[in-house]
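Next come the chains, spelled out residue by residue.
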Amino acid sequence: MSLRKRLVFFGILVAVVPFCIAGAIIFVFLSQSLLEIAEKESLRFAKEASYIIDVSFKHKIRLIESISSNPQILESCKKDDYTIAKKHLKAVYNKIGEKYFSIFILDRNGIVRVDTLFEQTDGIDLSNRPYFKQAKQGKPAFVGPLKSRAKNSRGEPLVFVSAPVQENGQFY
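Residues numbered from 1 in each chain as written. Predicted model: local features only at pLDDT ≥ 70, side-chain atom pairs only at ≥ 80, totals over all residues. Heavy atoms only, no water.

*Asks:* Mind laying out the overall build of the protein chain, listing which residues take part and the relevant values?
*Replies:* Along the backbone of the protein chain there are four helices and six strands. In sequence order, the protein chain lays out its α and β elements as α-α-α-β-β-α-β-β-β-β. For 172 residues, the compact-globule formula gives about 16 Å, and the C-alpha radius of gyration of the protein chain, at 31 Å, lies well above that figure. Seen through its C-alpha atoms, the protein chain measures out along the principal axes to roughly 110 × 35 × 30 Å. Burial analysis of the protein chain (172 residues in total) assigns 27% to the buried set. (Helix = DSSP H or I, 4+ residues; strand = E, 2+ residues; numbered from the N terminus. Rg over C-alpha atoms; globule rule 2.2 N^0.38 Å. Buried < 20%, exposed > 50% of the residue type's maximum accessible area, 1.4 Å probe, protein only.)

So, in structure tokens, the structure goes:
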């Protein structure tokens, strides 16, 4: 190999090798930095989404608690006559107008008495469901996802929000 070719080869080698080494080092550090940034942003997004979901379900719990404390609902449950409660819940349901949203009443034994979305569920026993057990203890509940037991549901997992119908500690 001639001197000229050797000088060109070594000149290229001297110029390219440091760039390759620097490029590899920069790539490693930038990759690590980008991963850290992506991780922090993912965590921030997850926290914000969690907060929004939490606020939304707290709002749903307050809504269900206000419905369960309605005097018409309370009287219907006391008398085991759910005609007035059904009319009232239908009106509330129509006013809310949310898709995939249902309001239902279980009696003190966990049997469905009113359902605004799946009317064929009257008589289904839900006494072993966690949301009923918590309501029976006087506590509101947020439970799920659970599969619906309604005959005409799509079998999709659902989230349930419940509140007890009670007066002076008496569960109805």
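*Asks:* Explain the nonpolar core residue by residue, including any values.
*Replies:* Core analysis: the biggest nonpolar cluster contains 17 residues, and Ile67, Ile73, Cys77, Leu89, Ile103, Ile105 and Val165 have the highest contact counts within it. Every element with two or more residues in this core is listed here: α1 (3-68), α2 (71-79) and α3 (83-96). For this core, the element with the highest residue contribution is α3, accounting for four residues. Ignoring sequence-local partners within four residues, the contact set of Ile103 consists of Ile67, Leu89, Val92, Tyr93, Ile96, Val114, Asp115 and Thr116. Of all hydrophobic cores here, the second largest spans eleven residues; its members include Leu106, Val112, Leu126 and Ala141. (Core = buried A, V, L, I, M, F, W, Y, C linked by side-chain atoms within 4.5 Å. Contact = heavy atoms within 4.5 Å.)

*Asks:* Account for α2, naming residues and giving values.
*Replies:* Within α2, burial applies to Ile73, Leu74, Ser76 and Cys77. For α2, the buried positions fall inside an angular range of 165° around the axis, keeping them on one side. Across from the buried face of α2, at angles greater than 90 degrees, the exposed residues are Pro71 and Lys79. Looking at the packing, one finds that the buried side of α2 touches α1, α3, β1 (104-106) and β5 (166-167). Between the side-chain oxygen at the start of α2 and the backbone nitrogen of Gln72 there is a gap of 2.7 Å, and the oxygen is on Asn70. (Arc of directions from axis to C-beta. Polar contact = N/O pair within 3.5 Å; in protein donor to acceptor, adjacent residues only side chain to side chain.)

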